[in-house]
Amino acid sequence: MVMLATPFRTSTPQSFAFGPDSQWADITAQIRAHIPVMLSNRLIPPPRETYSLNRKLSGGFLLATRLRAIVNTKELWDKVTSEYRFST
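Residues numbered from 1 in each chain as written. Predicted model: local features only at pLDDT ≥ 70, side-chain atom pairs only at ≥ 80, totals over all residues. Heavy atoms only, no water.

Remarks on the overall build of the chain
Heads up, the condition is: Secondary structure follows DSSP: runs of H or I at least 4 residues long count as helices, runs of E at least 2 residues long count as strands, and numbering of each begins at the N terminus. Only protein chains enter the calculation, and the probe is 1.4 Å; a residue is then buried if its accessible area is under 20% of its type maximum, exposed if over 50%, and partly exposed in between. Reported accessibility uses the Shrake-Rupley method at a 1.4 Å probe radius. Residues are deemed covered only where the shown protein chains occlude them.
For the chain, the count of helices and strands is 3 helices and 2 strands. Along the chain direction, N to C, the helices and strands of the chain fall in the order β-α-α-β-α. Its C-alpha atoms give the chain principal-axis dimensions of about 40 × 35 × 25 Å. In the chain, buried positions account for 18% of the 88 residues. Carbon and sulfur atoms make up 61% of the accessible area of the chain, which amounts to about 7,200 Å² in all.

Okay, structure coming up:
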């Protein structure tokens, strides 16, 4: 999850480039390398909500990569999270 959040971090230079020759390509390679470890060491499946979030993020990242998009991901993150209100 830490690697997947890289485009949204405050410390990540913006605008963030997606595509085969970008920082994102390195991140996806690192994630791919960790998949066997994650699968062999997990004790229970992840929560159901995680699958939905994972599919949405994967689809967005795949589209951005195919388009070789350059996106201010931190600005998008701040806009979405600033409008979110936790229920009590």
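Comments concerning helix α2 (residues 48-66)
Here is the rule: Given the number of residues in a helix, its expected span is that number minus one, multiplied by 1.5 Å.
An ideal rise of 1.5 Å per residue puts 27 Å on 19 residues; α2 measures up with 28 Å between its terminal C-alpha atoms. R68 sits one or two positions beyond α2 and adopts a positive phi of about 50°.

Let's talk about unusual backbone geometry
In this structure, the amide linkage connecting Q14 to the following residue, S15, adopts the cis form with an omega of 0°. Position of S15 among the secondary structure elements: in the segment before β1 (16-17). Within the chain, R68 stands out as a residue other than glycine whose phi angle is a positive 50°. Here R68 shows up in the loop between α2 and β2 (70-71).

Notes on helix α1 (residues 23-41)
The line we're drawing: Fitting axes to the seven residues ending at a residue and to the seven starting there, one defines the bend at that residue as the angle between these axes.
Its 19 residues place the ends of α1 27 Å apart at the C-alpha level, agreeing with the 27 Å of an ideal helix rising 1.5 Å per residue. Most pronounced at H34, the bend in α1 amounts to some 35°, and the proline P36 follows within four residues.

Considering the packing of aromatic side chains
The test is simple: Ring pairs are drawn from Phe, Tyr and Trp, using the six-membered ring of Trp, whenever the two centres fall within 6.5 Å, and their geometry is named by plane angle: stacked under 30 degrees, edge-to-face over 60, tilted for the rest.
The tally for this structure, following the rule as stated, stands at 8 aromatic pairs. Here F16 and F18 contribute two aromatic rings whose centre-to-centre distance is 5.0 Å and whose plane-to-plane angle is 70°, an arrangement assigned as edge-to-face. Under the relative-accessibility criterion, F18 is labelled buried at 4%. Taking 5.0 Å as the distance between ring centres and 85° as the angle between the ring planes, the aromatic pair formed by Y84 and F86 counts as edge-to-face.

Points about the nonpolar core
How we decide: Residue types Ala, Val, Leu, Ile, Met, Phe, Trp, Tyr and Cys, when buried and joined through side-chain atoms within 4.5 Å, form a set referred to as a nonpolar core. In this description, contact between two residues means that some pair of their heavy atoms is separated by no more than 4.5 Å.
In terms of nonpolar packing, the biggest core is built from 9 residues, these being L4, F8, F16, F18, W24, I27, F61, A64 and A69. Broken down by secondary-structure element, the contributors of at least two residues to this core are α1 and α2. Residues contacting L4, with those up to four places away along its chain left out, are W24, I31, L57 and F61.

Comments concerning the environment of S40
Structurally, S40 can be placed in helix α1. We classify S40 as exposed; its relative accessible area is 56%.

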